[in-house]
Amino acid sequence: MAVHLCPSCGWPLDAGFFDDARHAVVIAGKVRRPVPPMRWKLLSFFRAHPGQVLDHQRIYAAMYGVRDDPPEDNTLRVHISKLRQDLAGVPYEILTRAHDGYCYDLVTAGP
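Before going into details, it helps to say that this report is about the structure given with it. (Residues numbered from 1 in each chain as written. Predicted model: local features only at pLDDT ≥ 70, side-chain atom pairs only at ≥ 80, totals over all residues. Heavy atoms only, no water.)

### Description of the pattern of salt bridges
No. 1: A full pass over the atoms with the stated rule returns one salt bridge.
No. 2: One salt bridge in this structure joins R39 and D86, with 2.8 Å as the shortest N-O distance. One end of the pair, R39, is in helix α1 (residues 37–47); the other, D86, is in helix α3 (residues 75–86), with 47 residues separating them in the sequence. Comparing R39 with D86, the two get one shared label, buried. (Salt bridge = Lys/Arg side-chain N within 4 Å of Asp/Glu carboxyl O. Helix = DSSP H or I, 4+ residues; strand = E, 2+ residues; numbered from the N terminus. Buried < 20%, exposed > 50% of the residue type's maximum accessible area, 1.4 Å probe, protein only.)

Next comes the structure, spelled out in structure tokens:
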């Protein structure tokens, strides 16, 4: 994968992401997608735990400081769904592990 640079400041990318204090951007090819703060926080959490299956309770605790049972609403699912759209075109994906949680990992080619 080619190294991309921020057009405004020249900061180098790590696998399609800017995550310094001035940027919250996913870059796929020539497409730049700004990522809202809550989804960026979620992406940063996943990137800190590549290949690990993370359950809802652990993700909620990291995102909102919730230590007990996570809320019953679908807020997290909506953020993950939108984050998947943000990640379109980069070599990473968020996989759903039924009854276990989510896993952030490299996209692998099919058999």
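We are not done yet, so read on.
### Observations concerning the packing of aromatic side chains
No. 1: All chains considered together, the criterion is met by three aromatic pairs.
No. 2: Ring geometry for Y92 against Y104: centres 5.2 Å apart, planes inclined by 5°, an arrangement best described as stacked. Taken together, the residues Y92 in strand β5 (residues 92–97) and Y104 in strand β6 (residues 101–106) connect sequence positions 12 residues apart.
No. 3: The class for Y92 is partly exposed, based on a relative accessible area of 22%.
No. 4: Among the residues examined, Y104 registers a relative accessible area of 2% and is labelled buried.
No. 5: Following the ring pairs from residue to residue traces out a cluster consisting of F46, Y92 and Y104. (Phe/Tyr/Trp six-rings, centres within 6.5 Å; stacked < 30°, edge-to-face > 60°.)

### Some remarks on unusual backbone geometry
No. 1: Positioned with a positive phi, H99 is a non-glycine residue whose angle comes to about 70°.
No. 2: Mapped onto the secondary structure, H99 falls in the loop between β5 and β6.
No. 3: Judged by relative accessible area, H99 falls into the exposed class, the value being 84%.

### Brief notes about the pairing of β5
No. 1: Of the strand pairs in this sheet, β5 and β6 are connected by six bridges, and their pairing is antiparallel. Looking at β6, one finds that R97 is bridged to G101.
No. 2: Hairpin connection between β5 and β6: a loop of three residues separates the two successive antiparallel strands, and H99 in this loop has a positive phi of roughly 70°. (Pairing = 2+ DSSP bridges.)

### Here's the deal with the nonpolar core
No. 1: Within the largest apolar cluster, 20 residues are counted, with the highest numbers of intra-cluster contacts made by L42, F46, I59, L87 and I94.
No. 2: Of all the secondary structure elements, the ones that give two or more residues to this core are β2 (25–28), α1, α2 (56–64), α3 and β6.
No. 3: Looking at this core element by element, the count peaks at five residues for α1.
No. 4: Discounting chain neighbours no more than four positions away, the residues touching F46 are L54, I59, I80, L83, I94, Y102 and Y104. (Core = buried A, V, L, I, M, F, W, Y, C linked by side-chain atoms within 4.5 Å. Contact = heavy atoms within 4.5 Å.)

### Brief notes about the environment of V26
No. 1: Of note, V26 is situated in strand β2.
No. 2: We classify V26 as buried; its relative accessible area is 0%.
No. 3: Distance in space between the C-alpha atoms of V26 and G89 is 9.3 Å, their sequence separation being 63 residues.

### Side note on α3
No. 1: Here α3 is 12 residues long and its end C-alpha atoms lie 17 Å apart, about the 16 Å a rise of 1.5 Å per residue gives.
No. 2: Regarding α3, the residues found buried are L76, H79, I80, L83 and D86. Looking down the long axis of α3, one finds its buried residues gathered within 110° of arc, a one-sided arrangement. (Expected span 1.5 Å × (residues − 1). Arc of directions from axis to C-beta.)

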